[in-house]
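Structural overview
Residue strings, one per chain:
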Amino acid sequence: MKTKKLLPILISVFFVLTLAICASVDLSAYAADGVAADSVTDGTIKYIDSEADFLDMMRRGATSSDTYIMRTDVYLDRYYAENDADLKLAEFSGTLLGRGHAIVGYTATPTYVAYSVADEQGGTVDKYAYISAFIGKNTGTVKDLKLVDLYLSADGQTGFSDIVYAPIGINEGTVKNVKALFTADGTVENGVTYSDMGG
């Protein structure tokens with residue numbers, strides 16, 4: 001009899017404590033994927049809220065300590081990245097969290113990328129390629145991103161058969177939930193990544 005009377009009281013106390021704990025947690029302090037927004041002050045987390053923010057990321061590149069979080073779609077006029085050498089992501093080692101947003105209208109031109117592949121003896125072989133891609137070589141993390149109206153250009157070198165075309169060229173990091181709608185001046189063989197040695 002006592003147990004039946006105590007049960008509703010215990011459930012009520014548990015419910016009140018749960019509400020109190022939830023109310024004390026500031027969920028706004030966290031961005032997507034559990035990234036603490038209040039660590040923006042250390043300069044390693046940057047938000048992409050405009051085309052200018054995206055171009056700033058392209059100019060800076062990204063190291064393994066940089067995290068970029070998109071909070072809007074980015075619309076770019078088509079341009080050849082070689083006209084501003086700083087606007088190529090030949091190699092990306094940071095974190096780009098698209099949060100389902102799109103980068104629209106980016107034009108890629110070939111860039112030289114060095115990478116290694118495993119050989120049959122368990123060693124590695126150094127290789128290189130000219131890759132027309134949004135990211136030539138990814139050693140970081142790219143997640144939840146849409147690449148729309150991406151143009152993989154040969155930059156006038158249509159007779160150059162050694163150009164590799166891919167939204168992301170060599171992946172040695174993590175590429176997850178990245179979708180691409182693109183045109184290319186050559187054949188795209190393997191989908192989003194040309195060579196995927198990461199995750």
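Bear in mind that the values here come from a model prediction, so they are computed numbers and not experimental data.

The four strands lie next to each other as β4-β10-β13-β15, forming an open sheet whose pairing is parallel. Edge strands, defined here as strands with exactly one partner in the open sheet, are β4 (89-92) and β15 (193-196). Put simply, the sheet's adjacent strands are angled 10 degrees from each other on average, direction ignored. When strand β10 (residues 135-138) meets strand β13 (residues 168-171), the two strands line up parallel, connected through three bridges. Opposite Lys 137, over in β13, you have Ile 170 as the bridge partner.

Right, let's talk about the packing of aromatic side chains for a bit. Counted under the stated rule, the structure contains four aromatic pairs. On the numbers, 6.3 Å between centres and 10 degrees between planes, the contact of Phe 54 with Phe 134 is stacked. With Phe 54 in helix α2 (residues 51-60) and Phe 134 in the loop between β9 (124-132) and β10, the pair connects residues that are 80 residues apart, well separated along the chain. Each of the two residues, Phe 54 as well as Phe 134, counts as buried. The rings of Phe 54, Tyr 106 and Phe 134 are connected pair by pair, giving a single aromatic cluster. Arg 71 extends its terminal NZ or CZ atom over the ring of Tyr 47, reaching a point 3.8 Å from the ring centre.

Below, the discussion takes up the confidence of the model for the protein chain. If pLDDT is low for a region, its predicted coordinates should not be looked at in detail. Confidence along the protein chain averages 76 in pLDDT terms, with 69% of residues attaining 70 or more. Predicted confidence in the protein chain is weakest over helix α1 (residues 2-24), with a mean pLDDT of 52, and strongest over strand β2 (residues 67-70), with 95. Below a pLDDT of 50 lies the segment residues 16-43, which in the model reaches 24 contacts outside its immediate sequence neighbourhood of four places, other chains included. Low confidence marks residues 78-82, where pLDDT is under 50. Its contacts with residues over four positions away, or in another chain, come to 22 contacts.

Phe 54, Leu 96, Ile 103, Phe 134 and Leu 145 are the most contacted members of the largest nonpolar core, which has 30 residues in total. Taken together, the elements giving at least two residues each to this core come down to α2, β2, β4, β11 (141-152), β12 (163-165) and β14 (174-184). For Leu 145, the residues in contact, after removing those within four places along its chain, are Met 70, Leu 96, Gly 98, His 101, Ile 103, Phe 134, Asn 177, Val 178 and Lys 179.

Reading the values: rules and limits
- Residues numbered from 1 in each chain as written.
- Predicted model: local features only at pLDDT ≥ 70, side-chain atom pairs only at ≥ 80, totals over all residues.
- Heavy atoms only, no water.
- Pairing = 2+ DSSP bridges.
- Helix = DSSP H or I, 4+ residues; strand = E, 2+ residues; numbered from the N terminus.
- Axes fitted to C-alpha atoms, helices over the stretch in contact; angles between N-to-C directions.
- Phe/Tyr/Trp six-rings, centres within 6.5 Å; stacked < 30°, edge-to-face > 60°.
- Buried < 20%, exposed > 50% of the residue type's maximum accessible area, 1.4 Å probe, protein only.
- Lys NZ or Arg CZ within 6 Å of the ring centre and 35° of its normal.
- pLDDT = per-residue confidence, 0-100.
- Contact = heavy atoms within 4.5 Å.
- Core = buried A, V, L, I, M, F, W, Y, C linked by side-chain atoms within 4.5 Å.

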